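Here is what each chain is made of, one letter per residue.
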Amino acid sequence: MPASRAEKGRICPPPLSLRAPEPGDEEAALQAQDELAADGFDFLLLGDRTWAQWLDKVARDRAGVDLAPGRVPATMLFGVVGEEIVGRAHIRHELTPALLEEGGHIGYGVRPDYRRRGYATAMLRQGLQVVRGLGVDRALVTCDDDNPASIATIERCGGVLEDTRPRDDGASTRRYWIDLS
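My aim in this report is to walk through the structure given alongside it, one point at a time.

**Some thoughts on the overall build of the protein**
Scanning the protein for helices and strands turns up five helices and seven strands. The N-to-C order of helical and strand elements in the protein reads β-α-α-β-β-α-β-α-β-α-β-β. Its C-alpha atoms give the protein a radius of gyration of 17 Å, within 12% of the compact-globule value 16 Å for 181 residues. Out of the 181 residues belonging to the protein, those deemed buried represent 43%. For the protein, the proportion of contacts with a sequence separation of at least 24, taken over those separated by at least 6, is 56%. A total of about 10,100 Å² of accessible surface is found on the protein, and carbon and sulfur atoms cover 50% of it. Each charge sign in the protein was given a centre, from 23 positive and 29 negative side chains, and these centres are 6 Å apart.

Right, here's the structure in full:
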C-alpha cells in the first residue's frame, strides 16, 4: 500500500470549506482585511460600512437586490479551516464587459500566514463548483501577470490561458478559462 503524504514526511493541511460570512466573524475578518491591505488586496470590499451593514450588503449582493450600476449578483464566501478564516472567494454570477477584461467569475485571496498550504487551490476548486451551480459552463479566472502563485493555482484547477492583456496602470492581466461541463 502506498504511503500517504503525511507518512512521507509531508504535512497535509486540514481541509478547507467555503461558507458565508457570519456575525461572529467580524474580528478575524477585519484582521484579514488589514493583513491583505499590505499586499494591495481588498479582502472584504467593506467600504465605510459597519459589520452589520456589510453582512446585509453581502446578502443583498448574493440575491441581486439593490445592485449599484455596473455590478452583478455576487457571493462572498470565507475559506475556513476549523474555525479559522484563512481566505475568501468572491464569486460573480455573471460577467460584465469590465469583468470579462479583469476580475472574471472568481476572485480569491489567502491570508499571508496560510499561504503555500493548498488553500487557494481548495478555495478556487470549491468556488468553481459554486459557479457551476449557477449554470455557468466556462468560468473566467484572471490574475496579475506577475503573480506566479495565482498562475499556478489557476492552472492546477484546469485554467487554460486565453491571453494576457495590458492594463492602464502598466501591469498585465492573465485571463484563463476553466471548463465546468
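Here the narrative resumes.
**Quick notes on the sheet that holds strand S5 (residues 138-144)**
The pairing of strands in a sheet happens through backbone hydrogen bonds and is either parallel or antiparallel. Here we have three strands laid out as an open sheet, ordered S5-S7-S6, and antiparallel in their pairing. Edge positions in the sheet fall to S5 and strand S6 (160-166), since each of these pairs with one other strand and no more. Strand-to-strand, the axes of this sheet are offset by a mean angle of 25 degrees, without reference to chain direction. Bridging between S5 and strand S7 (residues 172-179) involves seven bridges; their strand directions are antiparallel. Considered in S7, the bridge of Leu-140 is made with Trp-177.

**Considering the sheet that holds strand S1 (residues 17-19)**
Across the sheet, which stays open at both edges, the four strands sit in the order S1-S2-S3-S4 with antiparallel pairing between neighbours. Strand pairing shows two members of the sheet lacking a second neighbour, S1 and strand S4 (106-110), which therefore form its edges. Each strand of the sheet is rotated relative to its neighbour by a mean of 25 degrees, with strand direction disregarded. Where strand S3 (residues 84-92) meets S4, five bridges bridge the pair, whose relative direction is antiparallel. Across the sheet, Ala-89 pairs through a bridge with Tyr-108, a residue of S4.

**Description of helix H2 (residues 51-63)**
End to end, H2 covers 19 Å across 13 residues, agreeing with the expected 18 Å (1.5 Å per residue, within 8%). Of the residues making up H2, those classed as buried are Trp-51, Trp-54, Leu-55, Lys-57, Val-58 and Asp-61. Viewed along the axis of H2, the buried residues span an arc of 160 degrees, placing them on a single side of the element. Opposite the buried face of H2, by more than 90 degrees, sit the exposed residues Ala-52 and Ala-63. In the core, the buried residues of H2 are packed alongside helix H1 (26-37) and strand S2 (74-81).

Analysis parameters
- Residues numbered from 1 in each chain as written.
- Predicted model: local features only at pLDDT ≥ 70, side-chain atom pairs only at ≥ 80, totals over all residues.
- Heavy atoms only, no water.
- Helix = DSSP H or I, 4+ residues; strand = E, 2+ residues; numbered from the N terminus.
- Rg over C-alpha atoms; globule rule 2.2 N^0.38 Å.
- Buried < 20%, exposed > 50% of the residue type's maximum accessible area, 1.4 Å probe, protein only.
- Contact = heavy atoms within 4.5 Å.
- Areas by Shrake-Rupley, 256 points an atom, 1.4 Å probe, with all protein chains shown as cover.
- Lys, Arg positive; Asp, Glu negative; His and termini not counted.
- Charge placed at Lys NZ, Arg CZ, Asp CG, Glu CD.
- Pairing = 2+ DSSP bridges.
- Axes fitted to C-alpha atoms, helices over the stretch in contact; angles between N-to-C directions.
- Expected span 1.5 Å × (residues − 1).
- Arc of directions from axis to C-beta.

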